[in-house]
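# Observations on the model geometry
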Amino acid sequence: KKPLNVVKISKMKQQQDRLTMITAYDYPSAKLAEEAGVDLILVGDSLGNVVLGYDSTIPVTLDDMVYHSRATARGAQNTFIVADMPFMTYHGSIDETLKGVRRLMQEGHAHAVKMEGGLEIVPAVKAIVQSGVPVLGHIGLTPQSVNTIGGYRVQGKDAEDAKRLMNEAKALEQAGAFAVVLELVAEETAAAITRELSIPTIGIGAGRQCDGQVLVFHDVVKYASPYMEKRFVKTFADVGSQIREGIEAYVNEVKNGAFPAENHVFKADEGVSESLDSL
Ligand code: KIV
Ligand code: NA
């Protein structure tokens, strides 16, 4: 299987083939996501919350994103990978923005970048697309701006706000974005944007009419995420409990002497092991 590309992604909207996207942050999460057959992997700056333990995405650096993107790419060599541009790396000069993009692509091995914002990022989006890098937009609730938005609340509920989001979505499409993430947007507004745009919308907490859906890995499988109880999230597995129970069993067996057992140990009179595989 080959990774998707932006041409195929665009065709999927026309064919009403829903896009599936999940975040991944390292080799094992990427490997499992690819094996499960997701269309796109997002190395989200949500890694700040679910992997690094910060209470927002603001502390996440370009170095963090490159490091995690690189590990993710090693785990999912046949999946289209989008990496988030982190906080304040695309609001200065175009030159500085492009340097960050270069690192995510060349060092992080991403296929595309994602950026939060509307009209104010249009020049940056244009410059990145012109340099040959696909851009995924991200509007609605934009966590990097939590301090100006004043909290995590649903966007596009009244006509004025719906219009603002529609204008942002259209501007991003015109700037050359290949798709746009709608985060925490009222279903009617997300549906209207999805109808209006020719590029796909990928929703998270944005209702049923988007062209695709994205969720955070740790939320989907209930892996010690601080956010999985939110209404827009559905957990499809509970690996957190399994991991905890597994570790508890290990601890118990070491304490009571059940592990290691006879079959786990080496005796002096055994042959020499030649390689890791023979252990
Ligand atoms: O960082 C992230 O996981 C995201 C998704 C929620 C869209 O931006
Ligand atoms: Na993000």
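Residues numbered from 1 in each chain as written. Chains lettered and ligands numbered in written order. Predicted model: local features only at pLDDT ≥ 70, side-chain atom pairs only at ≥ 80, totals over all residues.

### Here's the deal with the packing of helix H4 (residues 62–75) against helix H5 (residues 94–107)
- It is at 9 Å that the axes of H4 and H5 come closest, and there the two elements cross at 20°. As judged from the angle between their axes, H4 and H5 are roughly parallel. By crossing handedness, the relation of H4 to H5 is classed as right-handed. On H5, the residues touching Leu62, Met65, Val66, Ser69 and Arg70 of H4 are Gly100, Arg103, Leu104 and Glu107. (Axes fitted to C-alpha atoms, helices over the stretch in contact; angles between N-to-C directions. Helix = DSSP H or I, 4+ residues; strand = E, 2+ residues; numbered from the N terminus. Parallel < 35°, antiparallel > 145°, perpendicular 65-115°, else oblique. Left-handed = near helix turned anticlockwise from the far one by under 90°. Contact = placed C-beta atoms within 7 Å.)

### Looking at the sheet that holds strand S4 (residues 112–116)
- Strand order around the closed barrel formed by eight strands is S1-S2-S3-S4-S5-S6-S7-S8, with parallel pairing between neighbours. Between one strand and the next, the sheet's axes are offset by a mean angle of 25°, whatever the strand orientation.
- The pairing of strand S1 (residues 19–23) with strand S2 (residues 40–43) spans three bridges and is parallel. Within the sheet, the bridge partner assigned to Thr23 lies in S2 and is Leu42. (Pairing = 2+ DSSP bridges.)

### Let's talk about the domain arrangement of the chain
- Structurally, the chain comprises domain 1 (6–238) and domain 2 (242–278).
- Between the C-alpha centres of domain 1 and domain 2 the distance comes to 42 Å. (Domains from an automatic or database assignment.)

### Re the UniProt feature "active site" (unreviewed entry) in the chain
- Under the local residue numbering, the UniProt record ascribes the feature "active site" (unreviewed entry) to Glu183.
- Setting aside residues no more than four positions away along its own chain, Glu183 makes contact with His138, Gly140, Leu141, Thr142, Ile204, Gly205 and Ala206. (UniProt positions renumbered as here; feature names shortened; annotations may be inferred.)

### Overview of the site of ligand 1
- With respect to spatial proximity, the complete set of residues near ligand 1 consists of Thr23, Leu42, Gly44, Asp45, Ser46, Asp84, His138, Val181, Glu183, Ile204, Val214 and Val216.
- Taken together, the residues of the shell around ligand 1 sort by class into five nonpolar, four polar and three charged. (Near = placed C-beta within 6 Å. Nonpolar A, V, L, I, M, F, W, Y, C, P; charged D, E, K, R; others polar.)

### Focus: the UniProt feature "binding site: 3-methyl-2-oxobutanoate" (unreviewed entry) in the chain
- Per the UniProt record, the feature "binding site: 3-methyl-2-oxobutanoate" (unreviewed entry) sits at Asp45, Ser46, Asp84 and Lys114. With the annotated positions falling across 70 residues, the maximum pairwise C-alpha distance of 12.3 Å places them together in a single cluster.
- Here Ser46 shows up in the loop between S2 and helix H3 (47–50).
- Overall, Ser46 belongs to the buried group, with 24 C-beta atoms counted inside 10 Å.
- With near-sequence residues (within four places) excluded, Ser46 lies in contact with Thr23, Thr57 and Val216.
- Structurally, Asp84 is set in strand S3 (residues 80–84).
- Those residues in contact with Asp84, other than ones at most four positions away along the chain, are Val43, Gly44, Asp45, Met65 and Lys114. (Buried ≥ 20, exposed ≤ 12 C-beta atoms within 10 Å, placed from the backbone.)

### Digging into the nonpolar core
- Ranked by internal contacts, the top residues of the largest apolar core, which has 72 residues, are Ile22, Ile41, Val113, Ala177 and Val180.
- Discounting residues that sit within four places of it in the chain, Ile22 has contacts with Ala33, Val38, Ile41, Val214, Leu215, Phe217 and Val220. (Core = buried A, V, L, I, M, F, W, Y, C linked by C-beta atoms within 7 Å.)

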